[in-house]
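Here are the chains, one letter per residue:
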Amino acid sequence: MPAITASAPGKVILFGEHAVVYGQPSIAVPVLQVAAKAIVNPWIKGVAGSVHIGAPQVGMDANLDRLSANDPLAAAVRAVLSELKIDQPPAFKLRVTSTIPLAAGLGSGAAVSVAIVRAISAFLGSPLSDELVSALAFEVEKLHHGTPSGIDNSVITYAKPVYFIKGQPIQTFRVAQPFTLLIADTGVPSPTRVAVGDVRAGWEKDSERYEAIFKSIGEIVQKARQEIERGNLEGIGKLMDDNHALLQQIDVSSPDLDRLVDAARQAGALGAKLSGGGRGGNMITLVDEKSVDQVTAKLQAVGAKGIFKTIVQ
Ligand code: PMV
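Bear in mind the structure is a predicted one, so any value in this text is a computation, not a measurement.

Draft legend 1. Examining the site of the ligand more closely. Around the ligand, the surrounding shell holds 16 residues, and the nearest of these are K11, H18, S149, D152 and T192. Within the contact set of the ligand, an oxygen atom lies 2.8 Å away from a side-chain nitrogen or oxygen of D152. Within the contact set of the ligand, an oxygen atom lies 2.6 Å away from a side-chain nitrogen or oxygen of T192. Isolated, the ligand exposes 380 Å² of accessible area, and the fraction of that covered by the protein chains is 97%. Going through the elements one at a time, β1 (4–15), α4 (151–158) and α5 (192–205) are the ones with two or more residues in the shell around the ligand.

Written out as structure tokens, the structure reads:
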């Protein structure tokens, strides 16, 4: 059996994070500059059925049978074996690497799962359909997020801009005019699970207020899709600002995120918002090509830890 490599991109949520967990639509796009990679090699000296997982960036170097049911890498491997109904695979070694920053709202967990599922299923001679890859990655997302919407595994599996409603087939749409986003990292790691859990606690306490905010976010997402399909960049930017204001109301922004968002706007961006779980991680800002340098410089000046540019098309 030859070695098999599979990779999966990062992603950012453009509109609708958190509200998507409660049934509202959301829009996400792949970020192709970063990726997770899974490499599967036959383990010549391994006893049949043995699987070794190495993921140096998270300090993992262990055999599958030593890993708990809650370990997301092990869960991804077990999900494929169970889907293919294989109890005793030929021994193999899986190595996982990623250039996607962890806990930053860029979908690193889902990308790792998608890459693992693709590499192992191909190695075992039964590559799975995108639909199944996404479904298995979704099962693993539950370990990362608690109650995930499924948007991360969907956009990352299909590697296209998606309009997503929980429990429904994904919709793709036309980007009339490609646009440039800067993605800037606060440098504050923020596990999505915590923010998602806090939003749930808030919703349980005051469901009427939260539902009203989620509904307003849903309306923004619908309008944003229309503006993207029309190529109205100013309209998209304004809706990003509005979405950020609503995310502040459910307390998932942070002083660091707000500082970067304000700085981008002051430097001439068309709009800016946090992206993903919030509280830390990344913000995104829509810029026209001529203001990329000035917005980048301003973000650096107010403490952004990493900035990169991606083009949505
Ligand atoms: O933090 P991220 O980018 O993985 O995104 C989380 C998005 C949420 O809407 C907050 C949760 C979800 O499962 O959709």
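Draft legend 2. Geometry of the packing of helix α2 (residues 108–123) against helix α3 (residues 130–145). Taken N-terminus to C-terminus, the directions of α2 and α3 make an angle of 135°; their axes are 9 Å apart at the nearest point. Looking at the two axes, α2 sits oblique to α3. Taken as a pair, α2 and α3 cross one another with a handedness that is right-handed. Two secondary-structure elements touch here, α2 through G109, A110, S113, V114, V117 and R118 and α3 through D130, V133, L136, A137, V140, E141 and H144. Considering only residue class, the contact of α2 with α3 consists of seven nonpolar, three polar and three charged.

Draft legend 3. Examining the packing of aromatic side chains more closely. Scanning the model with the defined rule gives four aromatic pairs in all. Consider the rings of Y22 and F214, whose centres lie 4.5 Å apart with planes at 15°: the pair is stacked. With Y22 in the loop between β1 and β2 (26–42) and F214 in helix α6 (residues 207–230), this residue pair connects regions lying 192 residues apart in the sequence. Both residues of the pair, Y22 and F214, belong to the buried class. With centroids separated by 6.1 Å and ring planes inclined at 75°, the aromatic side chains of Y210 and F214 adopt a geometry described as edge-to-face. Here Y210 pairs with F214, and both are found in helix α6, just four residues apart, close to one helical turn. Across the pair, F214 and Y210 agree in class, each one buried. Three or more aromatic residues link up through ring pairs in this structure, and these residues are Y22, W203, Y210 and F214. Here R225 stacks its cationic end above the ring of Y163, 4.6 Å away from the centre of that ring.

Draft legend 4. Focus on the pattern of salt bridges. Inspection of the entire model under this criterion finds 15 salt bridges. E227 is the partner of R230 in a salt bridge, and the nearest nitrogen-oxygen pair spans 3.2 Å. In this pair, R230 and E227 both sit in helix α6, three residues apart, roughly one turn of the helix. Put simply, D198, D251 and R279 are held in one network by salt bridges that share partners.

Draft legend 5. Molecular detail of unusual backbone geometry. The backbone of H18 shows a phi angle near 70°, a positive value even though the residue is not glycine. Relative to the helices and strands, H18 resides in the loop between β1 and β2. The backbone of D251 sits at a positive phi, close to 65°, despite the residue not being glycine. By the element assignment, D251 lies in the loop between α7 (233–249) and α8 (255–266).

Draft legend 6. Structural detail: the sheet that holds strand β9 (residues 271–274). With respect to topology, four strands assemble into an open sheet ordered β9-β10-β8-β11, the strand pairing being antiparallel. If you trace the sheet from one side to the other, it starts and ends with β9 and β11 (306–312), each paired once. Strand-to-strand twist in this sheet, taken as the mean axis angle between neighbours without regard to direction, amounts to 20°. As paired strands, strand β8 (residues 179–185) and β11 are joined by seven bridges and run antiparallel to one another. Each bridged residue has a counterpart across the sheet, and for L181 the counterpart in β11 is T310. Against the sheet, α7 contacts β8, β9 and β10 (282–287), and its axis sits at roughly 35° relative to β9. Each of β8, β10 and β11 touches helix α9 (residues 292–301); the most contacted strand, β8, lies at about 10° to it.

Basis of the calculations
- Residues numbered from 1 in each chain as written.
- Predicted model: local features only at pLDDT ≥ 70, side-chain atom pairs only at ≥ 80, totals over all residues.
- Heavy atoms only, no water.
- Near = heavy atom within 4 Å.
- Polar contact = N/O pair within 3.5 Å; in protein donor to acceptor, adjacent residues only side chain to side chain.
- Areas by Shrake-Rupley, 256 points an atom, 1.4 Å probe, with all protein chains shown as cover.
- Helix = DSSP H or I, 4+ residues; strand = E, 2+ residues; numbered from the N terminus.
- Axes fitted to C-alpha atoms, helices over the stretch in contact; angles between N-to-C directions.
- Parallel < 35°, antiparallel > 145°, perpendicular 65-115°, else oblique.
- Left-handed = near helix turned anticlockwise from the far one by under 90°.
- Contact = heavy atoms within 4.5 Å.
- Nonpolar A, V, L, I, M, F, W, Y, C, P; charged D, E, K, R; others polar.
- Phe/Tyr/Trp six-rings, centres within 6.5 Å; stacked < 30°, edge-to-face > 60°.
- Buried < 20%, exposed > 50% of the residue type's maximum accessible area, 1.4 Å probe, protein only.
- Lys NZ or Arg CZ within 6 Å of the ring centre and 35° of its normal.
- Salt bridge = Lys/Arg side-chain N within 4 Å of Asp/Glu carboxyl O.
- Pairing = 2+ DSSP bridges.

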